[in-house]
Amino acid sequence: MTGYKNIINKPEYNFINTNEHLGKHVILLGLAGSYAYGTNIESSDIDIRGITLNQKSDLIGLTQFEQYVDDNTDTVIYAFNKMVNLLLSCNPNTIELLGLAPDNYLYLNDIGKMLLDNKRLFLSKRAIQSFGGYADAQLRRLQNALARDTFPQSEKEQHIFNSVKNAMYSFNSSYKNFENGSLEIFIDRAVNPELETEIFVNAKLSHYPLRDYVSMWNTMSNVVKDYDKIGKRNKKKDDLHLNKHAMHLMRLFMMAIDILEKGEINTYREKEHELLMDIRFGKYQTDEGTFSDSFYDMMREYEKKLDYASKHTQLPDEPDFKSVQELVMTINERVISDEI
């Protein structure tokens with residue numbers, strides 16, 4: 001992976017130097033998406049992710065800044081303090097920025113290197129839920145999207161239930177006022193005469209923030225809508241996307257196992273490159289549009305490996321908050337002292 005370091009010198013990336021939140025405050029820029037995983041093809045877009053320090057006024061003044069997004073270049077640069085919180089949750093989409101191949105870092109200064117040198121501080125058993133939950137949601141979408149025309153209705157309903165249930169796991173951390181048990185979902189005999197089984201909800205909420213309520217229901221509603229797109233596929237176009245999602249499903253398993261077994265963040269999947277590209281190019285998809293038995297056999301093996309790694313990992317239950325805080329204070333003190 002060479003020849004991409006100069007991309008940020010192109011005119012369309014001038015915002016990195018001119019935006020008041022970026023410029024000298026940027027500590028790290030790296031490739032994201034397929035290029036980061038080593039699974040890019042000729043048509044792959046170049047996505048860039050990065051980290052920029054909060055300004056002095058963000059830290060001890062009244063201004064706030066979380067991230068800069070440039071849609072034209074598919075670039076997202078996170079504020080340092082926000083990135084730290086995302087890393088503490090072992091968020092798959094951000095923790096991968098700490099495990100790129102060396103050549104995939106487009107810019108890295110001494111503070112960025114300090115962050116990379118301390119990346120193990122962010123690793124914990126939280127990765128089990130963050131990676132496992134994300135992979136499970138991907139799997140449910142694939143199963144229903146590829147085989148929903150042949151699944152019995154009750155089995156489709158179970159897939160929807162599992163995905164909604166997984167989405168609900170995050171409610172306790174996302175909504176401060178959410179009490180466990182305030183929302184309960186379950187499957188029972190259908191009231192709708194066109195269905196065999198149906199998902200039901202018991203809701204017990206009082207004096208609850210309307211915006212949080214709407215956000216939770218939108219989360220669950222989007223899952224249901226995703227599964228209800230029966231018979232609306234552009235097969236050729238959708239198969240490309242579905243095989244790509246299947247590839248990323250396996251990649252998530254691989255990354256999660258590395259984190260739990262070895263305490264390593266390995267974003268660039270060099271050893272599994274051939275396997276991942278076979279999945280991406282449809283080797284494991286059948287003529288009927290479903291996945292082959294060998295794909296599901298392989299997936300179950302990875303599920304077993306992940307389950308074993310989850311039960312035997314030496315990672316702590318929670319990240320090393322004290323050490324992370326020391327790191328954050330050390331870095332932010334440099335901002336306040338104008339030493340960047």
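Preceding block: the structure.
Residues numbered from 1 in each chain as written. Predicted model: local features only at pLDDT ≥ 70, side-chain atom pairs only at ≥ 80, totals over all residues. Heavy atoms only, no water.

Engineer: Any chance you could explain the sheet that holds strand β2 (residues 47-52) here in plain terms?
Structural biologist: Sheet strands pair by backbone hydrogen bonding; their relative direction is either parallel or antiparallel. The sheet built from five strands is open, its strands ordered β3-β4-β2-β1-β5 with mixed pairing. Each end of this open sheet is capped by a strand with a single partner; those strands are β3 (67-70) and β5 (105-108). With strand direction ignored, the average angle separating the axes of adjacent strands in the sheet is 10 degrees. With five bridges connecting them, β2 and strand β4 (residues 75-79) associate as parallel partners. For Ile48, the partnering residue across the bridge sits in β4 and is Thr75. In the packing of helix α4 (residues 80-88) onto the sheet, contacts are made with β1 (26-32), β2, β3 and β4, and the angle to β4 comes to roughly 90 degrees. (Pairing = 2+ DSSP bridges. Helix = DSSP H or I, 4+ residues; strand = E, 2+ residues; numbered from the N terminus. Axes fitted to C-alpha atoms, helices over the stretch in contact; angles between N-to-C directions. Contact = heavy atoms within 4.5 Å.)

Engineer: Got a minute to help me understand helix α6 (residues 110-117) in this structure?
Structural biologist: Side chains that are three or four residues apart share a direction in an α-helix, a result of its 3.6 residues per turn. Within α6 the residues assigned to the buried category are Ile111, Gly112, Leu115 and Leu116. Axial view of α6: buried residues confined to an arc of 145 degrees, hence all on one face. The backbone nitrogen of Ile111 has a side-chain oxygen 3.1 Å away, supplied by the residue at the start of α6, namely Asn109. (Buried < 20%, exposed > 50% of the residue type's maximum accessible area, 1.4 Å probe, protein only. Arc of directions from axis to C-beta. Polar contact = N/O pair within 3.5 Å; in protein donor to acceptor, adjacent residues only side chain to side chain.)

Engineer: Hey, could you run me through unusual backbone geometry in this one?
Structural biologist: Peptide bonds are, in most cases, trans, and in most cases residues other than glycine have a negative phi. For Cys90, which is not glycine, the phi dihedral falls at a positive 60 degrees. Judged by relative accessible area, Cys90 falls into the buried class, the value being 0%. Even without a glycine there, the phi angle at Asp338 is positive, about 55 degrees. One can find Asp338 in the segment after α14 (321-336). Residue classification places Asp338 among the exposed positions, given a relative accessible area of 55%.

Engineer: Would you mind going over the nonpolar core with me for this structure?
Structural biologist: If you look at soluble globular proteins, the nonpolar side chains tend to sit buried side by side. Judged by nonpolar contacts, the single largest core of 62 residues is most densely connected at Phe80, Ile95, Phe122, Phe131, Met250, Ile279 and Phe295. Among the elements that line this core, the one with the most residues is helix α11 (residues 235-262), at 13 residues. A domain-level breakdown of this core finds at least three residues from each of domain 1 (7-123 + 319-337) and domain 2 (126-150 + 236-312). Filtering out sequence-adjacent residues up to four positions away, Ile279 remains in contact with Asn243, Ala246, Met247, Met250, Tyr284, Phe295 and Met298. Ile8, Phe15, Ile16 and Leu22 belong to the second largest nonpolar core, which has 16 residues in total. (Core = buried A, V, L, I, M, F, W, Y, C linked by side-chain atoms within 4.5 Å. Domains from an automatic or database assignment.)

Engineer: Help me understand the packing of aromatic side chains, please; the structure alone is not making it clear to me.
Structural biologist: Each aromatic ring pair is specified by the distance between its two centres and by the angle formed by the two planes. Enumeration over the complete set of coordinates arrives at nine aromatic pairs. Between Tyr213 and Trp217 the ring centres are 6.1 Å apart and the planes differ by 65 degrees, which places this aromatic pair in the edge-to-face class. Taken together, the positions of Tyr213 and Trp217, both in helix α10 (residues 210-227) and four residues apart, correspond to about one turn of that helix. Between the aromatic rings of Phe291 and Tyr296, the centroid separation amounts to 6.3 Å while the plane-to-plane angle is 65 degrees, which identifies the pairing as edge-to-face. Of the residues examined, Phe291 reaches a relative accessible area of 5% and is grouped as buried. (Phe/Tyr/Trp six-rings, centres within 6.5 Å; stacked < 30°, edge-to-face > 60°.)

Engineer: Any chance you could explain helix α12 (residues 273-280) here in plain terms?
Structural biologist: Of all the residues in α12, the buried ones are Leu275, Leu276, Met277, Ile279 and Arg280. Looking one or two residues beyond α12, the residue adopting positive phi is Gly282, at roughly 90 degrees.

Engineer: Even after reading the chapter, I still don't get the pattern of salt bridges, so can you show me in this structure?
Structural biologist: Any two side chains of opposite charge can pair, so long as their charged atoms come close to each other. Going through the model one piece at a time under the given rule, you end up with 14 salt bridges. Between Asp278 and Lys283 there is a salt bridge, with the nearest N and O atoms lying 3.6 Å from each other. A cluster of three or more residues bridged by salt bridges with shared partners is formed by Asp258, Lys262, Arg269 and Glu272. (Salt bridge = Lys/Arg side-chain N within 4 Å of Asp/Glu carboxyl O.)

Engineer: Help me understand the packing of α4 against α14 in this model?
Structural biologist: The geometry of a pair of packed helices is captured by two quantities: the angle between their axes and the separation between those axes. The N-to-C vectors of α4 and α14 enclose an angle of 165 degrees; their axes lie 12 Å apart at closest approach. Taken as axis vectors, α4 and α14 run roughly antiparallel relative to one another. Between α4 and α14 lies a crossing whose hand is right-handed. Residues Phe80, Asn81, Val84 and Leu88 of α4 touch α14, and the partners they reach there are Phe321, Val324, Val328, Ile331 and Asn332. Of the residues assigned to the contact of α4 with α14, the class counts are seven nonpolar, two polar and no charged. (Parallel < 35°, antiparallel > 145°, perpendicular 65-115°, else oblique. Left-handed = near helix turned anticlockwise from the far one by under 90°. Nonpolar A, V, L, I, M, F, W, Y, C, P; charged D, E, K, R; others polar.)

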